[in-house]
Structures are given as structure tokens and as C-alpha cells.
Amino acid sequence: MSAQDVATAFVNHYYTTRDSNPAALASLYQPGSTLTFEGTMVQGSDQISAKFQQIGQVKHNMKGMDVQPGQNNNCLIIFVTGSVQIGGDNPLHFCHFFQLVSTGPGAYYVHNEIFRLNYGL
């Protein structure tokens, strides 16, 4: 699979799962994984899952995605833009960054993730 194919499959799975069953995303993270959500950093799959539960119900609408190879062939950088409804409120624009690291052929985990809402656009 190309980097674009991996990224497309990943973001489709991520947002579908995040919107319907965020607890199921825990398997995408490892103890050293780090999420920064709106300036608050948490580390490890348990803390990341707890953060998703704290945020509550969301619905994402992805608008664009850019992909680059990482520092080596085992990493992918993914940057996503779109809109999100949180708790049924009006949609807000967002930017979302992922660094995926390969654990074997066709298998990746999220090593770094940054999510930021974009106000006033």
C-alpha cells in the first residue's frame, strides 16, 4: 500500500470509530503515545481514551488530508482538516495531526496526535 492508501484507510477508520465508539480507538495507541487536544497533553492509551470520553459525542466531517513520509520508512505524517460537531452544537473547523509508526507490515500505531479547533474562520 502507498502512504496515501495507508493514510486514507487510517483516517476513515479513525473518524468512523471516534464518532461511534471512541473506546475502540485504544488499540491504536501505545504507552508512549501522546495526544495534545486543545493545548492539553495526555500520554498513553488509557489517558487518551479517558480524554475522548471526557469530550463526549462528536461527529467529524473531513474536508482535506495531506500525507508525508516521516523521518524513516516506518513513519507517516498525516494532517487533516474538516469540521466537527461536539455534543450536537454548531460545527467548528479543526486541524488534526497524526504521526503513525509501523509495528510491522501494514500495521501502525499513533505515536503523536495534535487536535486544534480553528475559531473565527
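Note that this is a predicted model, so its numbers are computed, not measured.

**Looking at helix H2 (residues 45-55)**
Among the residues of H2, those classed as buried are Ser-45, Ile-48, Ser-49, Lys-51, Phe-52 and Ile-55. Considered in projection along H2, the buried side chains sweep an arc of 155 degrees and stay on one side of the axis. Summarising the geometry of H2, the exposed residues directed more than 90 degrees from the buried face are Asp-46 and Gln-54. Looking at the buried positions of H2, the neighbouring elements they touch are helix H1 (3-20), strand S1 (29-37), strand S2 (40-43), strand S3 (58-69), strand S4 (75-86) and strand S6 (107-118). Downstream of H2 by one or two residues, Gly-56 has phi in the positive range, about 90 degrees.

**Considerations on the environment of Tyr-29**
Locating Tyr-29 in the fold gives a position in strand S1. Tyr-29 sits in the buried class, given a relative accessible area of 5%. Tyr-29 sits 83 residues away from Asn-112 along the chain, and the two C-alpha atoms are 9.2 Å apart. Ignoring any residue separated from it by four or fewer positions in sequence, one finds Tyr-29 in contact with Tyr-14, Ser-45, Ile-48, Phe-52, Val-110 and Glu-113.

**Digging into the UniProt feature "domain: NTF2" (unreviewed entry) in the chain**
The sites that UniProt annotates as "domain: NTF2" (unreviewed entry) are residues 6-117. Along residues 6-117 one finds 23% helix and 54% strand; the C-alpha atoms at either end are 25 Å apart.

**What about the sheet that holds S3?**
Paired through backbone hydrogen bonds, the strands of a sheet run either parallel or antiparallel to each other. Spatial strand order, S2-S1-S6-S5-S4-S3: 6 strands in an open sheet with mixed pairing. Only two strands of the sheet have a single partner each, and these edge strands are S2 and S3. Across the sheet, the axes of successive neighbouring strands diverge by a mean angle of 15 degrees, strand direction being ignored. Across 5 bridges, the pairing between S1 and S6 is parallel. Note on S6: the bridge partner recorded for Thr-34 is Asn-112. Across the face of the sheet, H1 comes into contact with S1, S3, S4, strand S5 (92-104) and S6 while running at roughly 160 degrees to S3. Lying over the sheet, H2 contacts S1, S2, S3, S4 and S6, oriented at roughly 35 degrees with respect to S1.

Definitions and limits used
Residues numbered from 1 in each chain as written. Predicted model: local features only at pLDDT ≥ 70, side-chain atom pairs only at ≥ 80, totals over all residues. Heavy atoms only, no water. Buried < 20%, exposed > 50% of the residue type's maximum accessible area, 1.4 Å probe, protein only. Helix = DSSP H or I, 4+ residues; strand = E, 2+ residues; numbered from the N terminus. Arc of directions from axis to C-beta. Contact = heavy atoms within 4.5 Å. UniProt positions renumbered as here; feature names shortened; annotations may be inferred. Pairing = 2+ DSSP bridges. Axes fitted to C-alpha atoms, helices over the stretch in contact; angles between N-to-C directions.

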